[in-house]
Structures are given as C-alpha cells and as structure tokens.
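Next come the chains, spelled out residue by residue.
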Amino acid sequence: MRMRWLLPNPIKTLSSINNLRSISFPSFAPHSLSFRSRSSVTIQIPMAAIHNLTEAGLAKRFWIKFNRESIFALFTPFVISLASGNLKTDSFRHYIAQDVHFLRSFAKAYESAEECADDDDDKLGLSQLRKEVLEELKMHDSLVKEWGLDLAKEHSINSATVKYTDFLLATASGKIEGLKSSGKLATPFEKTKIAAYTLGAMSPCMRLYAFLGEKIKELPDSNGSTHPYSKWINNYSSDGFQASALRTEDLLDKLSISLTGEELDVIEKLYHQAMKLEIDFFNAQPLFQSTIVPLTKGHNPEADHLMIFSDFDLTCTVVDSSAILAEIAIVTAPKSDNQPEDQPARMLSSDLRNTWGVLSKQYTEEYEQCIESIMPTNRLENFDYKGLSTALQQLSKFENSANNRVVESGVLKGINIEDIKRAGERLILQDGCTDFFKKVVKNENLNANVHVLSYCWCADLIRSAFSSADLNEMDVHANEFCYEGSISTGDIIKKVESPIDKVQAFRNILKSCKNDKMKITIYIGDSVGDLLCLLEADVGIVVGSSSSLRTIGTQFGVSFVPLFSGLVKKQKEHNEGSSSNWKGLSGILYTVSSWAEVHAFILGC
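Residues numbered from 1 in each chain as written. Predicted model: local features only at pLDDT ≥ 70, side-chain atom pairs only at ≥ 80, totals over all residues. Heavy atoms only, no water.

## Here's the deal with the overall build of the protein chain
Link 1 in the chain: For the protein chain, the helix and strand inventory stands at 23 helices and ten strands.
Link 2 in the chain: Every one of the 605 residues in the protein chain was classed for burial, and the buried ones make up 55%.
Link 3 in the chain: Sequence separation of 24 or more characterises 79% of the internal contacts of the protein chain that already satisfy a separation of 6 or more.
Link 4 in the chain: With the model as given, the accessible surface of the protein chain reaches about 26200 Å², and the carbon-plus-sulfur share is 48%. (Helix = DSSP H or I, 4+ residues; strand = E, 2+ residues; numbered from the N terminus. Buried < 20%, exposed > 50% of the residue type's maximum accessible area, 1.4 Å probe, protein only. Contact = heavy atoms within 4.5 Å. Areas by Shrake-Rupley, 256 points an atom, 1.4 Å probe, with all protein chains shown as cover.)

## Remarks on the packing of aromatic side chains
Link 1 in the chain: Inspection of every chain in the model, using the stated rule, returns 38 aromatic pairs.
Link 2 in the chain: Note on phenylalanine 102 and phenylalanine 106: the rings are 6.3 Å apart at their centroids and 20 degrees apart in plane angle, and the pair reads as stacked. Here phenylalanine 102 and its partner phenylalanine 106 are both found in helix 5 (residues 89–116), four residues apart, which amounts to about one turn of the helix.
Link 3 in the chain: With a centroid separation of 5.8 Å and an interplanar angle of 80 degrees, the aromatic rings of tryptophan 582 and tyrosine 590 are classed as edge-to-face. Tyrosine 590 carries the same exposure label as tryptophan 582, and that label is buried. (Phe/Tyr/Trp six-rings, centres within 6.5 Å; stacked < 30°, edge-to-face > 60°.)

## With respect to the side chain of glutamate 480
Link 1 in the chain: Its location among the elements puts glutamate 480 in strand 5 (residues 480–484).
Link 2 in the chain: The exposure class of glutamate 480 is buried, given its relative accessible area of 14%.
Link 3 in the chain: Of note is the side chain of glutamate 480, whose polar atom sits 2.9 Å from the side chain of arginine 463.
Link 4 in the chain: For glutamate 480, the residues in contact, after removing those within four places along its chain, are Trp457, Ala459, Asp460, Arg463, Asp491, Ile492, Ile493 and Lys495. (Polar contact = N/O pair within 3.5 Å; in protein donor to acceptor, adjacent residues only side chain to side chain.)

## Describing the sheet that holds strand 2 (residues 413–416)
Link 1 in the chain: On the basis of which strands lie adjacent, the open sheet formed by three strands has the order 2-6-5 and antiparallel pairing. Both edges of this open sheet fall to strand 2 and strand 5, since each of them pairs with a single strand only. Sheet twist, expressed as the average angle between the axes of neighbouring strands with direction ignored, equals 55 degrees.
Link 2 in the chain: Summarising the sheet, strand 5 and strand 6 (residues 487–493) pair through four bridges and their orientation is antiparallel. Among the inter-strand pairings, glutamate 480 is bridged to a residue of strand 6, identified as isoleucine 493. (Pairing = 2+ DSSP bridges. Axes fitted to C-alpha atoms, helices over the stretch in contact; angles between N-to-C directions.)

## Brief notes about the confidence of the model for the protein chain
Link 1 in the chain: The predicted model of the protein chain has a mean per-residue pLDDT of 87, with 86% of residues at 70 or higher.
Link 2 in the chain: Low pLDDT (under 50) marks residues 4–53, which in the prediction has 116 contacts with non-local residues, meaning those over four places away or in another chain. (pLDDT = per-residue confidence, 0-100.)

## Points about the pattern of salt bridges
Link 1 in the chain: Evaluation of the coordinates by the stated rule reveals 22 salt bridges.
Link 2 in the chain: Close ionic contact of lysine 138 with glutamate 135 constitutes a salt bridge, the shortest N to O distance being 3.3 Å. Residue lysine 138 and its partner glutamate 135 are located together in helix 6 (residues 120–146), separated by three residues, close to a single helical turn.
Link 3 in the chain: Assessed through its relative accessible area of 51%, lysine 138 is described here as exposed.
Link 4 in the chain: Look at glutamate 135 and you get partly exposed, because its relative accessible area is 47%.
Link 5 in the chain: Connected through salt bridges with shared partners, the residues Arg68, Glu69 and Asp435 form a single ionic network. (Salt bridge = Lys/Arg side-chain N within 4 Å of Asp/Glu carboxyl O.)

## As for the nonpolar core
Link 1 in the chain: One finds Phe106, Phe282, Phe436, Phe437, Phe466 and Phe601 to be the most contacted residues of the largest nonpolar core, which totals 150 residues.
Link 2 in the chain: By residue number, the principal contributor to this core is helix 9 (residues 188–217), which donates 15 residues. (Core = buried A, V, L, I, M, F, W, Y, C linked by side-chain atoms within 4.5 Å.)

## Details of the environment of cysteine 605
Link 1 in the chain: For cysteine 605, the location among the structural elements is in the segment after helix 23 (595–602).
Link 2 in the chain: Residues cysteine 605 and isoleucine 279, 326 residues apart in the sequence, show an inter-C-alpha distance of 8.0 Å.
Link 3 in the chain: If we skip the residues at most four places from it in the chain, cysteine 605 touches Phe72, Thr76, Ile279 and Asn283.

## What about the packing of helix 3 (residues 67–74) against helix 23?
Link 1 in the chain: Where helix 3 contacts helix 23, the two axes come as close as 9 Å, and the packing angle between them is 35 degrees. The chirality of how helix 3 crosses helix 23 is right-handed. The residues of helix 23 that touch helix 3, namely those facing Arg68, Ile71 and Phe72, are Ala596, Glu597, His599 and Ala600.
Link 2 in the chain: In terms of residue class, the contact of helix 3 with helix 23 is made up of four nonpolar, one polar and two charged. (Left-handed = near helix turned anticlockwise from the far one by under 90°. Nonpolar A, V, L, I, M, F, W, Y, C, P; charged D, E, K, R; others polar.)

## Side note on unusual backbone geometry
Link 1 in the chain: Here valine 293 and proline 294 are connected by a cis peptide whose omega angle stands at -10 degrees.
Link 2 in the chain: Backbone geometry places leucine 585, a non-glycine residue, at a positive phi of 60 degrees.
Link 3 in the chain: By relative accessible area, leucine 585 is classed as partly exposed at 45%.

## Observations regarding the sheet that holds strand 4 (residues 475–477)
Strands pair in a sheet through their backbones, by hydrogen bonds, and they do so in one of two ways: parallel or antiparallel.
Link 1 in the chain: Spatially, the seven strands line up as an open sheet ordered 4-3-1-7-8-10-9, and their pairing is parallel. Two strands in the sheet have a free side with no partner beyond their single neighbour: strand 4 and strand 9 (559–562). Strand-to-strand, the axes of this sheet are offset by a mean angle of 25 degrees, without reference to chain direction.
Link 2 in the chain: As judged from the five bridges shared by strand 1 (residues 304–310) and strand 3 (residues 448–453), these two strands associate in the parallel manner. When the bridges of strand 3 are listed, methionine 307 appears paired with asparagine 449.

Have a look at this one:
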C-alpha cells in the first residue's frame with residue numbers, strides 16, 4: 001500500500017485538473033519515517049536549502065549538475081582495479097605516463113590563464129596553482145623512478161590524452177567552439193574571459209581527482225602503507241590537494257562574476273566537456289587483467305540473459321503513486337451535493353480529504369505496531385532468510401487488510417482513466433532512471449528484459465509514465481483499477497499487495513523463462529516490501545535510505561554495503577583467485593544514492 005506524503009510538484013500540469021500543487025495530504029509513507037516518528041506532518045522545503053542552492057558558486061553548481069559523470073569515472077574498471085590494490089603494474093605505468101602529459105598541459109594552461117588575468121590577486125593565485133601542478137609532476141617523477149618507467153621509450157601519448165590536452169590548450173588560447181569572439185583578445189576584459197573559460201575546463205578535473213582520492217581513501221583497506229598505490233591515494237585525498245581544487249573553483253567563481261548568461265553557458269559546456277573527456281581518459285587506460293565491471297562486460301546475447309527487476313514508487317519516482325491518485329481523486333471530486341444526474345455519485349472533496357486523513361493515521365499507527373511485533377528481540381548475527389520471510393508474512397496480512405479498507409472507503413471511486421494517464425505522462429522520475437532503462441531495452445547487443453514489480457493500485461499510471469518516455473518494452477506487474485467505461489469503480493484487482501506477493505511474482509517470472517541461457521537477475525528497490533526480492537536476486541541494489549528497510553534487514557542479519565566499496569572488495573577477491581559470480585541469498589545488499597551508480601555498474605559509461 002505504501003501511503004506517502006505528497007512531495008512538491010509531482011506533476012507539471014494536468015489540463016483537466018487545476019491547482020494540484022496547492023493540495024497537501026496526510027502521511028502515507030511509513031517506511032520513509034522512523035518507527036516512532038510523527039504520523040502526520042506537512043512537507044515543506046526549507047528556504048535555507050533553496051538559498052544554499054542559488055547562492056552556491058558556479059563551480060559547485062556545475063559539479064552537482066554533472067554528478068553523473070563523476071560517478072561514471074569512479075566506476076570505471078581502471079579506478080575500481082586501482083582502488084582494489086590489484087591493478088597490474090603495466091597498467092599503472094601506462095597511466096602515469098599519460099598523466100604526465102596531462103599535467104604538463106595543466107601547467108601550460110595555468111600559465112596562459114595567468115597572462116590573461118588582469119587582477120594581481122588572480123595572477124598570484126594562478127601562479128600558485130601552477131606551482132602546485134609542478135610539485136605534482138615531481139610526485140609523478142618519483143613514481144616513474146619507483147616503477148622503473150622510461151617515459152621517452154615506453155609510452156607514447158594515447159588518443160584520449162591527446163583529446164583532453166588539445167581541448168584544454170585550445171581553450172587557454174581562446175579557440176573555443178561556438179564562441180563568437182573566439183581568438184580575439186583585443187582588450188584586458190576579453191583576456192579575463194579566456195582565463196575564466198580556461199578554469200572552466202580545468203576545475204572539474206581538479207575536483208574529480210579530489211573526489212576519487214577521497215572515495216578511495218574512505219575504503220577500509222586503502223589507508224595502510226601496504227596498498228601498492230598508497231602514494232597516489234594519499235596525494236589526491238590530502239588536505240593540500242583538496243585545497244588546490246577549492247582554490248581553482250574559487251578563482252573560477254571570481255573570474256565569472258562579470259560574465260553574461262551566454263558566456264556562463266560557454267563555461268558550463270566547457271566544464272561538461274572536460275568531465276566527459278576525463279571519463280574517456282580513464283576508460284582508455286589498458287588493463288592487463290579481467291575486471292568485474294561493468295556487469296554486462298562480455299555479455300553474449302546467444303548464451304546470456306540479463307533480467308532486471310525494479311520497484312516503482314520512490315525507486316523510479318520522486319513521489320509515491322498513492323499520493324498522485326489521492327490528489328487526482330480529491331481535486332476532481334465534487335465540491336457540493338449538486339452533482340450531475342448522469343454521472344455516478346461521488347464523495348465530496350472535503351469528505352474525501354478527511355477520509356484520506358483517517359486512513360493515513362490508522363495505517364501509520366498500525367504499520368508501526370506491526371513492524372515492532374515482527375522484529376526479533378535481538379539482532380541476529382547470521383543472515384536468517386526463513387525468519388525474515390515468516391516475519392514479512394505478518395506484514396503482508398496487514399497490507400492486505402489496509403488495502404481492503406481503502407476499497408471499502410470508496411476514495412478511489414470516480415477517477416477518470418484519462419486523468420490517470422495524463423498524470424503518468426507528467427510524473428517526474430528519478431534522475432537517470434529512464435536513461436538507464438532505455439540503454440537496457442534499446443540495446444540490440446543485450447539479451448535483457450525489465451520487469452517492474454509494484455504495490456501501485458493502478459498499473460495504468462505506471463504504464464503511462466514509461467510510455468511517455470518511449471519505454472513500452474517494460475513489463476509492468478502491479479494492481480489494476482476496475483472501470484465502468486472510463487471511470488473507476490473504487491475496486492482494485494489485487495495482484496501485488498505485499499512482500500510475499502512481490503517475491504512470488506519474481507519467482508513466477510523466473511520460472512516462465514527458458515533455462516537454456518545463463519541468467520543473472522538484478523533487483524532494484526527501496527522499501528521493506530522489496531526485501532525478499534532484493535535478497536533472492538543475484539544482485540540486490542537498494543536505492544535511497546529507507547530507515548525501516550535497513551532496520552528490519554539488519555535485525556535479520558542482512559548486510560548493507562555501499563556499491564562502490566562492495567565492487568572494490570569483489571574485484572580484489574576476483575584477482576586473488578576467488579569466484580566473482582553473483583549469487584542470490586548471500587545476505588548482502590548493495591546501496592546506492594543515485595541511478596548513475598546503477599547505470600555505471602551494470603552498463604558502464
């Protein structure tokens with residue numbers, strides 16, 4: 001059932017429904033709250049959060065906007081292997097040789113930017129940054145000697161390195177694609193613009209290396225001196241390098257203050273282009289070993305079958321579907337008793353709102369009681385799938401009873417299917433979700449299927465959401481509204497109401513598949529209702545940070561591992577000779593903060 005608070009702006013517009021955004025609903029989101037948290041609150045976005053976003057510097061805004069690219073770089077086979085400590089020596093040698101070319105172009109670009117800057121403080125800052133790059137080159141020199149590398153003889157510059165260095169040096173000289181005044185440096189002000197553009201092409205690389213160093217440093221096995229690449233890790237995770245990245249960003253912000261909107265757009269394009277070239281750079285590094293990422297590497301459509309399962313509400317969406325359906329019901333309900341005689345009688349809008357409130361309060365209170373009743377007294381040391389399954393059977397009975405109350409209340413009666421479809425078309429999905437699914441179902445080189453398993457009361461809403469994104473290939477398994485003509489009767493054809501229903505649907509889909517291909521199953525979910533499916537899949541990926549999911553899972557011995565650290569550990573084991581096969585019911589679930597991580601892990605860049 002999963003009733004939730006309506007979050008701001010779930011639907012852009014519905015032509016037949018007015019003023020949707022002004023409606024608030026009682027809480028229909030038990031697993032998004034702590035077990036003893038408030039049962040009825042009003043969702044608001046703190047003004048401070050809005051101000052922080054708008055007041056953030058240019059560099060920070062770009063870094064946040066292009067976070068997807070930073071994740072793709074982090075999950076490249078080269079970075080995963082380096083972080084594991086098992087990257088082959090020849091690969092690291094090649095990388096260092098290429099990075100030397102990279103850094104030399106950085107030093108030249110800082111020098112050019114210093115010449116273009118017309119402020120003494122800016123010139124001093126750029127000069128200092130150039131000196132720090134030269135110090136970084138000295139660190140690379142020590143690595144070259146340590147690894148016995150002859151730069152002149154052993155490694156020529158590769159095409160990915162050339163693309164970035166040419167891009168950077170062209171930018172520093174004012175040769176910028178799409179810039180009307182490209183190459184014209186007649187005035188000091190025009191030169192200052194070039195300095196800003198140059199830093200726009202450099203700051204993402206600085207921030208990306210600081211990000212990579214920090215993420216690898218956080219891993220449990222990367223802090224000791226025994227890690228073969230500890231010198232590299234320590235350099236890029238150091239306070240000094242983090243400060244250099246910040247100074248580059250601060251200078252970019254300062255140099256951009258007087259630029260026009262069009263000129264800021266140029267910097268954004270340069271920033272994004274630099275990020276993409278960095279990903280290409282890491283992907284171009286040769287690997288002399290097998291890697292576990294991306295998951296589809298080596299996929300053979302003739303012999304392999306990739307099966308991806310996903311929850312819908314708050315896994316794919318920003319807002320839970322029950323809130324959308326409630327919103328449609330309340331907004332379209334009559335405001336007075338003067339209802340047209342040729343239409344079915346409906347509950348008044350005010351009565352409907354009150355009924356939703358009563359249902360919500362009862363659901364939240366009883367949900368919390370149910371959760372507390374199924375929790376083991378003490379946290380289990382070992383993973384207990386059988387015990388968890390038995391406990392969730394009790395939760396399933398509760399969900400069934402709660403759905404019966406919704407049907408009996410009549411709150412879903414009288415909704416027009418066209419309003420539902422329009423709502424689905426305008427439903428906001430999680431960033432990167434549809435892009436990932438498109439890359440899966442539209443790829444002719446993948447033998448893959450995507451199944452959506454959802455508690456949603458109305459599968460038409462889901463189908464409309466994906467259809468509007470040109471994803472008609474998605475198989476939707478959810479409940480269905482009953483209609484008389486185009487109007488809902490208030491009844492539900494119940495197909496997927498509970499954790500037990502979900503896992504049974506999951507098993508039935510697998511049984512219906514031919515057994516002549518090697519299958520790998522992935523389940524992506526965010527809630528307690530997904531737990532059994534997550535655990536039975538070969539790879540279970542948890543999106544978001546549901547406290548109830550983690551609390552219940554942990555009590556039954558489930559381990560929640562950040563996906564990046566889990567992949568690094570698996571890569572290390574793989575290189576040491578252990579099997580890298582993914583297998584369900586291990587008791588390990590992998591956590592992600594975005595769909596970019598899912599995409600990078602399964603498909604690569």
